[in-house]
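Chain by chain, the residues run as shown.
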Amino acid sequence: MKVSDFDFYLPEELIAQHPLEKRDTSRLMVLDKKTGKIEHKIFKDILDYLNEGDTLILNNTRVMPARLIGCKEGTGGKIEFLLLKRLDGDKWECLAKPGKSAKPGRRFEFGEGKLKCEVLEVLETGNRVIEFEYEGIFEEVLDSLGEMPLPPYIHERLDDRERYQTVYSKETGSAAAPTAGLHFTEELLKEIEDKGVNVAYLTLHVGLGTFRPVKAETIDEHVMHSEFYQLSKETADIINNTKKNGGRIISVGTTSTRTLETIGDENGFVRECSGWTDIFIYPGYKFKVVDNLITNFHLPESTLIMLVSALAGQEHVLNAYKEAVKERYRFFSFGDAMFIK
């Protein structure tokens, strides 16, 4: 199967540059994965499609203000680091720009010296390993100096950086938001629970690999990036009981989906665990845990549209995207949503 099989025409003006004033007023396309039938709704209408006894799975990761802009000690030359993941203690893997400035042994400072780092090594990927020096609590220092790492296709400044966090974000560690969850409000989640739907959480720290284009010509040549996940016993019990009682598992976002499908056994049951996943889901994959999916509209030729196509069928999904363009839906992180029922 070719990567180009997942291409579609997308006018640039449909890429949402800012979030709507109210999270749950975005548009919602409902796609029937069996028939391909399409309905046009508003996101808060999701309540009508959830049944008592179903379980909604949300990724409670929180985005780090991972973009640090500083200068080289001594010369003042500008540098930008984008933190990707913590390796050990105060050592981090990151992207550096300009890369030629970030050579092993060089030192940089941020916020007039409140935070300093030294480059330890250059990895085969071109990423850097750096070690920080600071006083106090690292997360507090980072929060005061770091900027939100918005995706490269968003060109406008975000005034309120909480709008790039879900209302239920809790576990800090992502380089990007699990954007399907941005549509939920605390009030909507309460209405969902009041209807008898279980709301449960897992954690998958989203890496920047989610934005990287697929450069291979065929799907089987692509290598997925690895991301850290964690599933609690409480959530595992809720999922397993839902399965036993005939309820549906409704995953919010591709990140939640990849976590559940990594952990699930052949019968769709899960267990408490944590680790790293590089699972690549594309058409032909048989879902074990996830029955339905709430997701945003994704990039052409991306691993995300391939995952959605695996659940709803390539033909149904590409037809739905064609309809979304025709109806002027908003795309990507701050865009509209799709429910695959």
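It should be noted that the structure appears before, not after, this text.
Residues numbered from 1 in each chain as written. Predicted model: local features only at pLDDT ≥ 70, side-chain atom pairs only at ≥ 80, totals over all residues. Heavy atoms only, no water.

## Considerations on empty space enclosed by the protein
Stated formally: Only protein atoms enter the 1 Å grid used here. Points where a 1.4 Å probe fits but cannot escape make up a cavity, open sets with protein on both sides within 12 Å along at least five of seven lines make up a pocket, and a residue lines them when an atom lies within 4 Å of a point. Grid points are joined across faces, edges and corners, and a volume is the space filled by probe spheres set on the points. By the convention adopted, Pro, Cys, Tyr, Trp, Phe, Met, Ile, Leu, Val and Ala count as nonpolar, Lys, Arg, Asp and Glu as charged, and the other residues, Gly among them, as polar.
The final tally for this structure, using the stated rule, is three cavities of 30 Å³ or more. Each pocket or cavity is described by its volume, and for the second largest cavity that value is around 100 Å³. Pro-19, Leu-20, Lys-22, Arg-23, Ser-26, Arg-163, Leu-182, His-183, Arg-330, Ser-333, Phe-334 and Gly-335 are the residues that line the second largest cavity. Its residues assigned to classes, the lining of the second largest cavity shows four nonpolar, four polar and four charged.

## Quick look at the packing of aromatic side chains
As a reminder, the rule being used: Between 30 and 60 degrees the pair is tilted, below 30 it is stacked and above 60 it is edge-to-face, where a pair is any two Phe, Tyr or Trp rings, Trp via its six-membered ring, whose centres lie within 6.5 Å. Each helix is a run of DSSP H or I of at least 4 residues and each strand a run of E of at least 2, with the numbering of both proceeding from the N terminus. Each residue is assigned to one of three classes by its accessible area relative to the maximum for its type, calculated with a 1.4 Å probe on protein chains only: buried under 20%, partly exposed between the two thresholds, exposed over 50%.
Considering all chains together, one arrives at 20 aromatic pairs under this definition. Ring geometry for Phe-81 against Phe-110: centres 6.0 Å apart, planes inclined by 65 degrees, an arrangement best described as edge-to-face. With Phe-81 in strand 6 (residues 78-88) and Phe-110 in strand 8 (residues 107-110), this pair connects stretches of sequence that are 29 residues apart. On the basis of relative accessibility, which here comes to 0%, the residue Phe-81 falls in the buried class. Residue classification places Phe-110 among the buried positions, given a relative accessible area of 1%. On the numbers, 5.1 Å between centres and 85 degrees between planes, the contact of Tyr-285 with Phe-287 is edge-to-face.

## A word on the layout of surface pockets
By volume, the largest pocket is sized at about 900 Å³. Taken together, 38 residues make up the lining of the largest pocket; nearest its centre are Leu-84, Lys-85, Gly-173, Val-206 and Gly-207. Contributions of two or more residues to the lining of the largest pocket are made by strand 4 (61-63), strand 6, strand 7 (91-97), helix 1 (138-145), strand 11 (171-174) and strand 13 (227-231). It is helix 1 that provides the largest number of residues to the lining of the largest pocket, a total of four residues. When grouped by side-chain class, the residues that make up the lining of the largest pocket number 16 nonpolar, twelve polar and ten charged. Reported here for the second largest pocket is a volume of approximately 600 Å³. Taken together, 22 residues make up the lining of the second largest pocket; nearest its centre are Arg-67, Glu-80, Met-148, Pro-149 and Leu-150. Those elements that place two or more of their residues in the lining of the second largest pocket are strand 6 and strand 7.

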